[in-house]
Amino acid sequence: KKKKKKKKKKKKNLPAGAPLSCDRECGGRTAKRNPHQHTNTPLPTMRPPHLANFLTAAVLGAGGDFVSQRFCEGKRGAEVDWRRLAAFTAFNGVYLGFVSQAVYRSYFTKFPARLVRSKFHGVYAALFDNLVHSPLLYLPTYFVTTGLLRGDGAEEVAATFRAQYWNTAAGCLGFWLPAQTVNFCCVPPAYHVRFMNTLCFLWNVALSWSTKPQPQGEALLLE
């Protein structure tokens, strides 16, 4: 009797960081190496466009502060505070171009795999971003960095923070919670910062105007 030779099917190796569509292309198998692979969020494996994010955030920061000073505060020519504009531009370029990119990627690489696979992952990420990241890291860094770059002393920075923090935090939550929900639910992860930057111009105008230096130390409410 001739023994029938069974043809062994060659197993296809899954490429590292393969997208969801690779499940079908690779025989429907699921990778075991990384719990975040083969989910609906493949794009964090892409190289983030740091330079593009930095330039976009810096330009929008400068534009937002200039519009705030020129049209909201009525400053003209020599009245424009160029040091304040430079501080606002530097903060936006560095923080939104680099720090935010790392923070947003962590919502896919550091969150439990169960949450990343959940269809509500975008909602969880938006809530974490607005209830943890923004009030505890983003806003304190903003007040300290821009204050020091403008030439304020430690006491002035602390006074500005105490006077303006809560109103600014409330405005930030109201503006960014719905925007970031759309961002994390609908936008590919590699472009989260770019999407945010498209909305940042309006936010930068409001943020610059609401946190402008007050000669008498009075807080300006964010309307």
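Procedures and definitions
Residues numbered from 1 in each chain as written. Predicted model: local features only at pLDDT ≥ 70, side-chain atom pairs only at ≥ 80, totals over all residues. Heavy atoms only, no water. Core = buried A, V, L, I, M, F, W, Y, C linked by side-chain atoms within 4.5 Å. Buried < 20%, exposed > 50% of the residue type's maximum accessible area, 1.4 Å probe, protein only. Helix = DSSP H or I, 4+ residues; strand = E, 2+ residues; numbered from the N terminus. Phe/Tyr/Trp six-rings, centres within 6.5 Å; stacked < 30°, edge-to-face > 60°. Expected span 1.5 Å × (residues − 1). Bend = angle between axes of the 7 residues up to and from the residue. Contact = heavy atoms within 4.5 Å. 1 Å grid on protein atoms, 1.4 Å probe; cavity = no way out; pocket = protein on both sides within 12 Å on 5 of 7 lines; lining within 4 Å. Points joined across faces, edges and corners; volume = space filled by probe spheres on them. Nonpolar A, V, L, I, M, F, W, Y, C, P; charged D, E, K, R; others polar.

Draft legend 1. The arrangement of the nonpolar core in detail. Grouped together as the largest cluster of nonpolar side chains are 28 residues, with contacts concentrated most on Leu96, Tyr104, Tyr107, Tyr138, Trp176 and Met196. Put simply, the parts of the chain that give this core at least two residues each are α3 (82-109), α5 (121-149), α6 (154-186) and α7 (192-210). The greatest single-element share of this core, amounting to eight residues, is contributed by α3.

Draft legend 2. View of the packing of aromatic side chains. As enumerated under the stated definition, the model contains 20 aromatic pairs in all. Judged by centre distance (5.3 Å) and plane angle (70°), the ring pair of Phe91 and Tyr142 falls under edge-to-face. One end of the pair, Phe91, is in helix α3; the other, Tyr142, is in helix α5, and 51 residues separate them in sequence. In this structure Phe91 comes out as buried when scored by relative accessible area, which is 4%. By relative accessible area, Tyr142 is classed as buried at 2%. Relative to Phe128, the ring of Phe111 lies with its centre 5.6 Å away and its plane at 80°, an arrangement referred to as edge-to-face. Of this pair, Phe111 sits in the loop between α3 and α4 (113-117) while Phe128 sits in helix α5; the two residues are 17 residues apart in sequence, bridging distant segments of the chain. With relative accessibility at 36%, the residue Phe128 sits in the partly exposed group. Within the aromatic cluster, the residues linked to one another by ring pairs are Phe88, Phe91, Tyr95, Tyr138, Tyr142, Phe143, Phe161, Tyr165 and Trp166.

Draft legend 3. Seen up close, α6. Its 33 residues give α6 an end-to-end C-alpha distance of only 41 Å, which falls more than 12% under 48 Å, the value for a rise of 1.5 Å per residue. Gln164 marks where α6 bends most, by close to 50°. Along its buried surface, α6 packs onto α3, α5 and α7.

Draft legend 4. Just empty space enclosed by the protein, in detail. Within the structure shown, the criterion is met by two cavities of 30 Å³ or more. Counted as a void, the largest cavity has a volume near 110 Å³. As for the largest cavity, its lining consists of 13 residues, and the residues nearest its centre are Leu96, Tyr104, Tyr138, Trp176 and Met196. Of all elements in the fold, only α3, α5, α6 and α7 reach the threshold of two or more residues within the lining of the largest cavity. Considering every element that reaches the lining of the largest cavity, the biggest residue donor is α5, with four residues. Residue composition of the lining of the largest cavity, grouped by class: eight nonpolar, four polar and one charged. Looking at the second largest cavity, its volume works out to about 40 Å³. If you go around the second largest cavity, the residues you meet are Asp65, Arg84, Phe88, Tyr142, Thr146, Arg150, Ser208, Thr211, Lys212 and Pro213. Sorting the residues of the lining of the second largest cavity by element identifies α3 and α5 as the ones contributing at least two each. For the lining of the second largest cavity, the residue count by class is three nonpolar, three polar and four charged.

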